[in-house]
Amino acid sequence: MPEITIAPARGLHGAVTPPGDKSISHRCAMLAALAEGRSTLSHYSAGADCHSTLACLRALGVAIEAKDDGTVAIAGAGLRGLRPPDTALDAGNSGTTLRLLSGILAAQPFAGAIGGDASLSRRPMRRILEPLGRMGARIAAAPGDTPPLRFTPAPGGLHGIAYAPPVASAQVKSAILLAGLYARGETRVREALPTRDHTELLLRHLGAPLERPGQGETVLHGPVEKLRPLENYRVPGDPSAAAFFLCAAAAMPEAELTVEEVSLNPGRAALLDVLARLGARAQVLALEERAGELAGSLRLTGPSQGLGGAAIEGTEAVALIDEAPILAVLATRTRDGIEFRGMAELRVKESDRIAAIAQNLRAMGAVCEERADGMFVPGGQKLRGARLRSGHDHRIAMAFAIAALWAEGESVIEDAECAAISYPAFYADLARLARR
Ligand code: S3P
């Protein structure tokens, strides 16, 4: 499917179960691989990124059975049971795979390397090289501190550090904590703005001596002897995938949408606050805890009045970094628009997302004021059908597929298949939910 044509829709109706959360799936697979014993997961993310993680773990000697229905069985190799890979690991398009596995590779008593596709090969790695290097790791990067990364064993092993990451990044925090499993002494990470905490919740659930003494602070006491396996764990749905349909429904008066078993981890639920501020309230239907993570179902009906406006910055800017493309598209349907600040990270995602959003909104006849660390998308803008470029970025493809529902005339999304990086069933779910 190199490109897809999308016609406008009047409404959005029905129920959707988003794919298993991408961030949680990566972490479950990696920690299950390091645990003692067999882990059994279900609703593992169907996205290509999480399958890149499984392929890398297999290359490190971990026995994994993954079925098409999302069940994954992992025979834990133990913290000290990984085997040297024959070739460089391939993280594909996945920054999370590469950065988190780097924390593990840095601590191994064997050499290894990890790289990825053209997009991943451009992404900045200084942010992990710096703290892992301070822990004693030996890592060589390509020019500009980009992948591939090559690891040689740390003479004398790793030691703990106290570190305050200069960029708000759960990937950086997680790489440090994973290396901290092997480090002598205390590994302490202090975050100025909180990032998603799936690594911390899961490490604790699997028996690692991890504390969270204060706001934004995590301490792991290493080296850790062993981790328990993760038995019968069902991964909650991905809120960043659900966001496309929640925002679509929020902008369509004739919408009635139920999202089943989605992660409601407070660090991932900021979209619901922004939608409520705009005037679209999602109702939580059921809530349960799964290994420290919250999951539940949501119901959203199209707003009776128009949407207002919002500013997203600070903690919300960090929490909504993956939702920015769809929120920028939604902004055109509000009255006052949405201002995005403190989101310079958008420029170093799978693509420069600020540039990609601005370019595609312009193609649809809309305005987007670009800034170095964000953008302002005015409200009350009519969209016209257009040829839209995903730039091989899954979240851009899906955000503009939703924009196409509201446009006058048909739109074509180029390189639409990249949605499969995180949500292979996206276009099928869209076709099922859209009312024309
Ligand atoms: C992720 C963290 C975020 C996010 C990415 C997944 C994770 O990246 O954008 O999609 O699973 O830790 P950063 O840590 O670079 O902000």
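Not measured: the values here are computed from a predicted model. (Residues numbered from 1 in each chain as written. Predicted model: local features only at pLDDT ≥ 70, side-chain atom pairs only at ≥ 80, totals over all residues. Heavy atoms only, no water.)

### Comments concerning the overall build of the chain
This is how it is decided: Only DSSP runs of H or I with at least four residues qualify as helices, and only runs of E with at least two residues qualify as strands; both kinds are numbered from the N terminus onward. Radius of gyration: over C-alpha atoms. The globule rule applied is 2.2 Å multiplied by the number of residues raised to the 0.38 power. Here the term buried applies to any residue with accessible area under 20% of the maximum for its type, exposed to any over 50%, and partly exposed to those in between, with areas from a 1.4 Å probe on protein chains only. The contact criterion used is simple: two residues touch if any of their non-hydrogen atoms lie within 4.5 Å. In this description, accessible areas are obtained by the Shrake-Rupley approach with a 1.4 Å probe, and a residue is regarded as covered only by the protein chains that are shown.
Counting its regular elements, the chain contains 13 helices and 24 strands. Relative to its length of 436 residues, the chain is compact, with a C-alpha radius of gyration of 21 Å against a globular reference of 22 Å. The buried share among the 436 residues of the chain stands at 60%. For the chain, contacts bridging at least 24 residues in sequence account for 76% of all contacts bridging at least 6. As displayed, the chain offers around 15,900 Å² of accessible surface, 49% of which is attributable to carbon and sulfur atoms.

### Thoughts on the sheet that holds strand β4 (residues 63-66)
Heads up, the condition is: Note on pairing: DSSP must find at least two bridges between two strands before they are called paired.
An order of β4-β5-β3-β14 is seen for the four strands of this open sheet, with the pairing classed as mixed. Every other strand in the sheet has two partners, leaving β4 and β14 (233-234) as the edge strands with one partner each. In the sheet, β4 pairs with strand β5 (residues 72-77) via four bridges, with the strands oriented antiparallel. Its bridge partner lying in β5, A63 is registered against A75.

### Some thoughts on the layout of surface pockets
The gaps left among the atoms become clear once a water-sized probe is rolled over them. How we decide: Only protein atoms enter the 1 Å grid, on which a cavity is a set of points fitting a 1.4 Å probe that cannot get out and a pocket is an open set with protein on both sides within 12 Å along at least 5 of 7 lines, lining residues being those with an atom within 4 Å of a point. Grid points are joined across faces, edges and corners, and a volume is the space filled by probe spheres set on the points. Ten residues, namely Ala, Val, Leu, Ile, Met, Phe, Trp, Tyr, Cys and Pro, are considered nonpolar, four, namely Asp, Glu, Lys and Arg, are considered charged, and the remaining ones, Gly among them, are considered polar. The start and end points of each domain follow an automatic or database-based domain assignment.
As a volume, the second largest pocket reaches approximately 260 Å³. Around the second largest pocket, the lining is made up of 20 residues, and of these Y44, S45, A46, D68 and G70 lie nearest the centre. Tallied by class, residues from the lining of the second largest pocket come to nine nonpolar, seven polar and four charged. Looking at which domains feed residues into the lining of the second largest pocket, each of domain 1 (3-20 + 236-435) and domain 2 (22-220) gives three or more.

### Examining the domain arrangement of the chain
Applied cut-off: Here's the idea: put two parts together, see how much 1.4 Å probe accessible area each one loses, and the total over both is what we call buried area. Criterion for a salt bridge: a side-chain nitrogen of Lys or Arg within 4 Å of a carboxyl oxygen of Asp or Glu.
We note that the domain assignment places domain 1 (3-20 + 236-435) and domain 2 (22-220) within the chain. Just the C-alpha atoms count here: the centres of domain 1 and domain 2 sit 28 Å apart. Counting residues at the interface gives 29 residues for domain 1 and 25 residues for domain 2. When domain 1 packs against domain 2, the two sides together hide about 2,200 Å² of surface, and 52% of this comes from carbon and sulfur. Taken together, domain 1 and domain 2 are joined by three salt bridges. Note that R127 is salt-bridged to E345, the shortest N-O span being 2.8 Å.

### Quick look at the side chain of N265
Tracing the sequence through the fold places N265 in the loop between β15 (254-263) and α8 (270-278). N265 sits in the buried class, given a relative accessible area of 4%. Discounting chain neighbours no more than four positions away, the residues touching N265 are D197, H198, L201, E293 and L294.

### Side note on helix α13 (residues 426-433)
Note the cut-off: The arc in question is the one spanned by the directions pointing from the helix axis to the C-beta atoms.
Every buried residue belonging to α13 is among F426, Y427, D429, L430 and L433, and all of these are buried. End-on, the buried residues of α13 take up no more than an arc of 160°, which puts them together on one face.

### As for the site of the ligand
Formally: For each residue, the test is whether any non-hydrogen atom lies within 4 Å of the molecule or strand; if one does, the residue is near. By the criterion applied in these results, polar contacts are pairs of N or O atoms within 3.5 Å in which, for protein atoms, one can donate a hydrogen and the other can accept it, and in which residues neighboring in sequence qualify only through two side-chain atoms.
Neighbouring the ligand are the residues S23, R27, T96, R99, A168, S169, A170, Q171, R196, I321, D322 and K349. Between the ligand and R27, the relevant distance is 2.6 Å, taken from an oxygen atom to a side-chain nitrogen or oxygen of the residue. Within the side chain of D322, one N or O atom sits 2.7 Å away from an oxygen atom of the ligand. Elements that contribute at least two residues to the shell around the ligand include exactly α1 (22-34), α3 (95-105) and α5 (170-180). Considering only residue class, the shell around the ligand consists of three nonpolar, four polar and five charged. Formed jointly, the shell around the ligand draws a minimum of three residues from each of two domains, domain 1 (3-20 + 236-435) and domain 2 (22-220).

### Focus: the packing of helix α7 (residues 239-250) against helix α12 (residues 394-406)
The axes of two packed helices give the description: the angle between them and the distance between them. Operational definition: Axis definition: a line fitted to C-alpha atoms, over the contacting stretch in the case of helices. Angles run 0 to 180 degrees between N-to-C directions. Orientation is classified from the angle alone, with under 35 degrees giving roughly parallel, over 145 giving roughly antiparallel, 65 to 115 giving roughly perpendicular, and any other angle giving oblique. Each crossing is labelled by how the near helix is turned from the far one, with a counterclockwise turn of less than a right angle marking it left-handed and a clockwise turn marking it right-handed.
For the pair α7 and α12, the least separation of the axes is 10 Å and the interaxial angle reads 15°. In this view, α7 runs roughly parallel relative to α12, as classed from their interaxial angle. Relative to α12, the crossing made by α7 is right-handed. Across the interface between the two elements, S240, F244, F245, C247 and A248 of α7 pack against R395, M398, A399, I402 and W406 of α12. Residues that form the contact of α7 with α12 fall into these classes: eight nonpolar, one polar and one charged.

### What about the sheet that holds strand β19 (residues 334-340)?
Strand order in this open sheet of four strands is β18-β19-β21-β20, and the pairing throughout is mixed. The strands lining the two open edges of the sheet, one partner per strand, are β18 (307-312) and β20 (369-371). The mean inter-strand angle of the sheet, taken between neighbouring strand axes irrespective of direction, is 10°. Two elements, β19 and strand β21 (residues 374-377), share three bridges in a ladder whose sense is antiparallel.

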